[in-house]
There are 2 protein chains.
Amino acid sequence: MDETVLLTGAKGSVGTAIREGLADEYDWRYLFHNPPPFDPDHPYLVGDVSDEELVAEACEDVGAVVHLAGDPRRDAPWDSVLENNIHGTKVLYDAAIEAGVEKFVFASSNHAVGHFETDRKPELYRTDDDFRLDGTEFPRPGNHYGISKATGEVIGRYYHDEYGIDVCNIRIGNLTKGHPPKEYERGQAMWLSYRDCAHLHDRALQADYDFEIVYGISDNDRKYYSLERAKDVLGYEPKDNSADYHFDGTPKDDA
Amino acid sequence: MDETVLLTGAKGSVGTAIREGLADEYDWRYLFHNPPPFDPDHPYLVGDVSDEELVAEACEDVGAVVHLAGDPRRDAPWDSVLENNIHGTKVLYDAAIEAGVEKFVFASSNHAVGHFETDRKPELYRTDDDFRLDGTEFPRPGNHYGISKATGEVIGRYYHDEYGIDVCNIRIGNLTKGHPPKEYERGQAMWLSYRDCAHLHDRALQADYDFEIVYGISDNDRKYYSLERAKDVLGYEPKDNSADYHFDGTPKDDA
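The structure reproduced in this document is the subject of the present report. Just so we're clear, the structure is a prediction, and the values are computed from it rather than from any experiment. (Residues numbered from 1 in each chain as written. Chains lettered and ligands numbered in written order. Predicted model: local features only at pLDDT ≥ 70, side-chain atom pairs only at ≥ 80, totals over all residues. Heavy atoms only, no water.)

Structural notes on the pairing of strand S5 (residues 103-109) of chain A
Residue and element names in this part refer to chain A.
- In terms of burial, S5 is largely enclosed, as seven of its seven residues are buried.
- Here S5 shows a buried face lined by Lys103, Val105, Ala107 and Ser109 and a second buried face lined by Phe104, Phe106 and Ser108.
- When strand S4 (residues 62-67) meets S5, the two strands line up parallel, connected through four bridges. Looking at the pairing, Ala64 lines up with Lys103 of S5.
- Crossover connection from S4 via helix H3 (residues 78-99) to parallel S5: handedness right-handed.
- In this view, the connection linking S5 to its parallel neighbour strand S6 (residues 166-172) by way of helix H4 (residues 144-163) has right-handed handedness. (Buried < 20%, exposed > 50% of the residue type's maximum accessible area, 1.4 Å probe, protein only. Helix = DSSP H or I, 4+ residues; strand = E, 2+ residues; numbered from the N terminus. Pairing = 2+ DSSP bridges. Right-handed = clockwise from strand over helix to strand, strands pointing away.)

Written out as structure tokens, the structure reads:
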């Protein structure tokens, strides 16, 4: 792909994993919410994703969008996720359609399905439990943030069906750098390493699909999210596994 | 049920079918968007469903809510459905939880799944096509209004999981009085008669369930929405069928 790729929410943890892992792979254009405290290696804009004028400018001559922007807090108040996550996503889709963007990768979240864990924990965090979510299920958000992410998926479904834009929703697990979340069984079952995160988004930008909902986790021994669609459709080949680390986050084998 | 039942959007077509069909069955409290041009047979309030103070008052001593309020236009602009349908539904759920409401019946819509018809019409409107939606599917809204209705379902899923309130989402088809929509194949496949509409909402107020998504249509010969959950879980026994009418809406048998 030799066109510009817009990355919104470029300063967040997912954005950082992508910028660090794929810096030279794409002709990036970053959208930061605030002026970045570093010198970005690609052109960038600053502002709200719900700012129609700004977003129209951000989408000019763009071939694909990776949309991460929004209030990332698990306990974000409703008014904020309504404006930034739900309305902001709709504004960005409108601008993308207007600009002729062909591919839209949306950062959804494990919180869109957080309540599937109700009555099932902690068993489902363990390898002897075979419960799996595969991305076809009706959402069960665990919080208002999760409602906003599930709604973002539904919005994407509409824009795909209505306008033909290719949409990949990635329900991102627990992204941490270097090692899985420490002493957190749930987080280890949905760990996503930085390099797997970058690789997964690379695949989402390269692969052919229509509308997908995939889970964004590493290939952990213990997991309750299926990686089947990510592997089969996107060609995702994760390299990390939380089982290679002790419960406290230290690697089992330093070799 | 001997407690007050709150009916929002009481002047719309669904509200009218319910008020006419179940006037004496419940201790209704109506919420109208504007002062009604008639003299209601039960107590009522007037205002916006997104008005927190009003809605808190409306939910006082209420045992169940039938929530129909919102912008009903298929081509409603985004800002309106965002405020009235999405935000308004969240505000009402909050008030219902605060007031201890036990049951919440939400008027969803065929438009939440309108894009399942893409590439399938007109075959799926016909009796020799066996395609069926059953309510477990991930939504495919046909317009912004449909996005708002699918989001209302997701919001309900959250409030059920988080607070235990029983939630029944009814994806209402094409409600018309007296006869099916005239010369409209799609509308006839998803016809909902007034008496079936009232009966279905009666069942949704009486039956035991946790979280349901059912389709609200009459027992039409030609249909692509399954009535299985409505019949099995709610005890819905529809009496009408669009096949008893000619394409122009006149009955086949006047007897």
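Describing the interface of chain A and chain B
- Contact with chain A, which involves 30 residues of that partner, is made by 30 residues of chain B.
- Buried surface at the junction of chain A and chain B, both sides included, amounts to about 2,600 Å², of which 72% is carbon and sulfur.
- Contact with chain B buries area across many residues of chain A, yet Phe138, Val154 and Tyr158 of chain A alone supply 26% of it, more than any other trio.
- Summed over the shared surface of chain A and chain B, the number is two salt bridges.
- When contributions to the side of chain A that touches chain B are tallied by element, the ones reaching two or more residues are H3, H4 and strand S9 (211-216) of chain A.
- In terms of residues, the side of chain A that touches chain B owes the most to one element, H4 of chain A, which gives twelve residues. (Contact = heavy atoms within 4.5 Å. Buried area = accessible area lost by both parts, 1.4 Å probe. Salt bridge = Lys/Arg side-chain N within 4 Å of Asp/Glu carboxyl O.)

What to know about the relation of the copies chain A and chain B
- For the match of chain A to chain B, the screw axis carries a shift of 0.0 Å, the RMSD comes to 0.0 Å, and the turn is 180°. This pairing of chains is accounted for by a two-fold axis. Looking at the rotation axis and the C-alpha trace of chain A, the residue lying nearest is Phe138 of chain A, at 2.5 Å.
- Both copies present the same face, since 100% of the interface residues in chain A are matched by interface residues at the equivalent positions in chain B. (Least-squares fit on C-alpha atoms with pLDDT ≥ 70 in both.)

Brief notes about the packing of helix H1 (residues 13-21) of chain A against helix H6 (residues 194-206) of chain A
Residues and elements named next belong to chain A.
- Contact geometry of H1 with H6 gives a least axis separation of 8 Å together with a crossing angle of 80°. Between H1 and H6, the crossing angle belongs to the class labelled roughly perpendicular. In this structure, H1 contributes Ser13, Val14, Thr16, Ala17, Ile18, Glu20 and Gly21 to the contact, and H6 contributes Tyr194, Cys197, Ala198 and His201.
- Class assignment of the residues belonging to the contact of H1 with H6 gives a composition of six nonpolar, four polar and one charged. (Axes fitted to C-alpha atoms, helices over the stretch in contact; angles between N-to-C directions. Parallel < 35°, antiparallel > 145°, perpendicular 65-115°, else oblique. Nonpolar A, V, L, I, M, F, W, Y, C, P; charged D, E, K, R; others polar.)

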